[in-house]
Amino acid sequence: WSHHLLSAGQAAGEMVDFVDAELPCLVRHLQTTIPLHFRIDLVPPITITDNSSRLADAGGGLLLEIPPGRYFYHHYPYPQPVYHQLAWQGPVRAAQHTGQDYFDLLCEPGECMLFFIGGKDYAQVIVNAEAALSTPYEVLGERTRKFWQAFTARRSDFNALLPQSLPRREQLLRAVDD
């Protein structure tokens, strides 16, 4: 997804989001002329650990740990801890607030990268984080673009399959494409 950013009606930059085709990692690439502030709200209990020194290719990082027993999908208590790695490159600062269920990410003007990384356990999250952080943005983007091109090429041509006389045909085609 590509987002064109505006400030007071003027172009202020671009934000590109995608999930990497090979790693469980949401990548957010920012190129801005203004500072941006992101607030990350959390559902307690959750432990946040600054593990910036563990991540060689990052400007900083926070490890988020959700304890065993947390309900997912409102029904299922997950029996193991769940880990997520938040990492960044570029002029980004994290501000934690003691006793609060949120933290802030402050991105200064210029180029920034945010990575939201998962894995099946702590060790895999760190392996995935190191892989994502050491892979150039252009490579992450290109392999993801190629994955989606191959995926969509396997799709049926609904425009050719649906008869012109089908009621609400255009709405159906838009729904399939969106």
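Just so you know, these numbers come straight off a predicted model, no measurement behind them.

Enquirer: Explain the overall build of the protein chain to me, please; I cannot follow it from the model alone.
Expert: Assigned secondary structure in the protein chain consists of four helices and 12 strands. The C-alpha radius of gyration of the protein chain comes to 20 Å, more than 25% above the 16 Å expected for a compact globule of 178 residues. The 178 residues of the protein chain split such that 34% are buried. Contacts in the protein chain between residues far apart in sequence, at least 24 positions, make up 50% of those at least 6 positions apart. Of the roughly 11100 Å² of accessible surface on the protein chain, 56% is carried by carbon and sulfur atoms. Counting 14 positive and 20 negative side-chain charges, the protein chain places the averaged centre of each group 7 Å from the other.

Enquirer: So what exactly am I meant to see when it comes to the packing of aromatic side chains here?
Expert: Pairs of aromatic rings are described using the distance from one ring centre to the other and the angle between the two planes. In total, this model carries seven aromatic pairs according to the counting rule given. Arranged with centres 5.5 Å apart and planes meeting at 65°, the rings of Y83 and Y122 form a pair that is edge-to-face. With Y83 in strand β9 (residues 82-89) and Y122 in helix α1 (residues 122-133), the pair connects residues that are 39 residues apart, well separated along the chain. Looking at Y83, the relative accessible area reads 15%, which means it is buried. For the pair F147 and F151, a centre-to-centre distance of 6.3 Å together with 15° between the ring planes defines the contact as stacked. Remark: F151 and F147 occur in helix α2 (residues 137-153); sequence separation between them is four residues, near one turn of the helix. Given the relative accessible area of 38%, F151 is considered partly exposed. Connected via pairs of aromatic rings, a cluster forms that spans F72, Y76 and Y78. The lysine or arginine in question, R39, covers the ring of Y102, its NZ or CZ lying 3.8 Å from the ring centre.

Enquirer: Help me understand the sheet that holds strand β10 (residues 92-96) in this model?
Expert: Across a sheet, paired strands are connected by hydrogen bonds in the backbone, their directions being either parallel or antiparallel. Strand order in this open sheet of three strands is β4-β11-β10, and the pairing throughout is antiparallel. Only two strands of the sheet have a single neighbouring strand rather than two, namely β4 (36-41) and β10. Neighbouring strand axes in the sheet, compared pairwise and without regard to direction, differ in orientation by 20° on average. Examined bridge by bridge, β10 and strand β11 (residues 102-107) share five bridges and lie antiparallel to one another. Bridge assignment links A94 to a residue of β11, and that residue is L105.

Enquirer: Mind showing me how you'd approach α2 here?
Expert: Structural remark: α-helix, 3.6 residues per turn; residues separated by three or four positions point the same way. With 17 residues, α2 should cover 24 Å at 1.5 Å per step; its first-to-last C-alpha distance of 24 Å lies within 8% of that length. Inspection of α2 places L140, G141, R143 and T144 among the buried residues, and these make up the whole buried set. Where the residues of α2 are buried, they touch β2 (10-19), β3 (25-32), β12 (110-117) and α1.

Enquirer: Before we go on, may I ask you to explain the sheet that holds β3 in this structure?
Expert: If you trace the seven strands from one edge of the open sheet to the other, you get β1-β2-β3-β12-β9-β6-β5, paired in antiparallel fashion. If you trace the sheet from one side to the other, it starts and ends with β1 (2-7) and β5 (47-50), each paired once. Strand after strand, the sheet turns through a mean of 15° between neighbouring axes, direction not considered. Sheet topology note: the β3/β12 ladder contains eight bridges and is antiparallel. Of the residues in β12, the one forming a bridge with H29 is M113. Lying over the sheet, α1 contacts β3, β6 (60-66), β9 and β12, oriented at roughly 20° with respect to β9.

The rules behind the values
- Residues numbered from 1 in each chain as written.
- Predicted model: local features only at pLDDT ≥ 70, side-chain atom pairs only at ≥ 80, totals over all residues.
- Heavy atoms only, no water.
- Helix = DSSP H or I, 4+ residues; strand = E, 2+ residues; numbered from the N terminus.
- Rg over C-alpha atoms; globule rule 2.2 N^0.38 Å.
- Buried < 20%, exposed > 50% of the residue type's maximum accessible area, 1.4 Å probe, protein only.
- Contact = heavy atoms within 4.5 Å.
- Areas by Shrake-Rupley, 256 points an atom, 1.4 Å probe, with all protein chains shown as cover.
- Lys, Arg positive; Asp, Glu negative; His and termini not counted.
- Charge placed at Lys NZ, Arg CZ, Asp CG, Glu CD.
- Phe/Tyr/Trp six-rings, centres within 6.5 Å; stacked < 30°, edge-to-face > 60°.
- Lys NZ or Arg CZ within 6 Å of the ring centre and 35° of its normal.
- Pairing = 2+ DSSP bridges.
- Axes fitted to C-alpha atoms, helices over the stretch in contact; angles between N-to-C directions.
- Expected span 1.5 Å × (residues − 1).

Read these as layout, nothing more, since geometry by itself doesn't imply function.
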